[in-house]
Amino acid sequence: MQRPRRAKADAASLALARQLESEDARPRRAAAKPRAKSPAKPRAKSPAKPRAKSPAPKPRINNTADDHHARAMADDLAAIRAAYAKEQGLPPPKSYQIWTVLNVLAWIGWSAVLASAAYNEKLVLILELMCCAEVLRMIKGELKGNVKMGLVLHATRLIVYHQVLPFAYTRVILQAWSATELARYPYYVVPNAYTLAMRSFVPLITFPLGVAAETMGLWGRLQAADSLLVKGVCALPLVNVVLAPIGYRSLLKKAVRAWDGLTKED
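Compared with the 32 Å implied by 1.5 Å per residue over 22 residues, the 30 Å span of helix H8 (residues 203-224) between its first and last C-alpha is a close match. Those residues of H8 that sit buried are Pro203, Leu204, Thr206, Phe207, Gly210, Val211, Ala213, Glu214, Gly217, Leu218 and Leu222.

As structure tokens, this is what we get:
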């Protein structure tokens, strides 16, 4: 019994070996080749949008230097205007508008004094103080004029205002003063050869009339006064009798220069 079983086992082993040999003899399946990758299609590039160009940077300006240059030019121009105004006897440009208004008001005031039959004491004092302010501006160099003559003239007027006008020669003196000032102020408002001529010619008539009336009034007040102080105050302006010819000579020179300018203008 053992022999057939052994034979069966050997046969089975032989069959298994043959089966294995047959499998080895079969051509092995080729290893799967890797798939050939299709070449990647280039991605269509979207058209590049043109980049907006930033505005070209503006050239840097040296503001400090420009401001300094502008200020220097403005200062030079102001100096030229001030020099011209000083040469022409006009107010400085900065204060020109203010003094123009004041000059117009003074002209109106002296017109009222000349036209009025009554003596307005307060108005005359205000107008005379405005004239004194102009003398101070001459001293400061803001106006062109004869400072010495201006001091003597308006100091005399203040004494006459206080000692003579309330008593005698009121109308004659005020007419001389008013006519002189009415001829003077237009030049400060509208400076030209014609207003300068009027300013220079009128005092040739009003100055001697005013000095004569003031002297007569002061002499009468001097004789009538009881106080030594009043006599002394009234005696001081009488020196103008001696100084008047010197002042009149100065007025003549101004009139000649104004006439020359007027002929050149024509």
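From this point, the discussion proceeds with the structure in view.
Residues Trp110, Val124, Val160, Leu165, Ile173, Trp177 and Leu218 are the most contacted members of the largest nonpolar core, which totals 27 residues. When contributions to this core are tallied by element, the ones reaching two or more residues are helix H3 (96-115), helix H4 (121-140), helix H5 (147-163), helix H6 (170-189), H8 and helix H9 (228-235). Top element by residues in this core is H6. It accounts for 7 residues. Ignoring anything within four residues of it in the chain, the contact list for Val124 reads Val113, Tyr119, Tyr161, Leu165, Leu174 and Trp177. Residues Met149, Leu204, Phe207 and Val211 belong to the second largest nonpolar core, which totals 7 residues.

Secondary-structure assignment places Ala225 in the loop between H8 and H9. Residues Ala225 and Gln163, 62 residues apart in the sequence, show an inter-C-alpha distance of 9.8 Å. Sequence-distant contacts of Ala225, defined by excluding residues within four places in its chain, comprise Val230 and Lys231.

Put simply, H6 and helix H7 (residues 193-201) touch, their axes get as near as 8 Å, and they point 155° apart. One way to sum up the angle between H6 and H7 is to call them roughly antiparallel. Like other packed secondary-structure pairs, H6 and H7 cross with a definite hand, here left-handed. Contacts between H6 and H7 involve Ala183, Arg184, Pro186, Tyr187 and Tyr188 from the first element and Thr195, Leu196, Met198 and Arg199 from the second. Classifying every residue of the contact of H6 with H7 gives 6 nonpolar, 1 polar and 2 charged.

Quick notes on the rules
Residues numbered from 1 in each chain as written. Predicted model: local features only at pLDDT ≥ 70, side-chain atom pairs only at ≥ 80, totals over all residues. Heavy atoms only, no water. Helix = DSSP H or I, 4+ residues; strand = E, 2+ residues; numbered from the N terminus. Expected span 1.5 Å × (residues − 1). Buried < 20%, exposed > 50% of the residue type's maximum accessible area, 1.4 Å probe, protein only. Core = buried A, V, L, I, M, F, W, Y, C linked by side-chain atoms within 4.5 Å. Contact = heavy atoms within 4.5 Å. Axes fitted to C-alpha atoms, helices over the stretch in contact; angles between N-to-C directions. Parallel < 35°, antiparallel > 145°, perpendicular 65-115°, else oblique. Left-handed = near helix turned anticlockwise from the far one by under 90°. Nonpolar A, V, L, I, M, F, W, Y, C, P; charged D, E, K, R; others polar.

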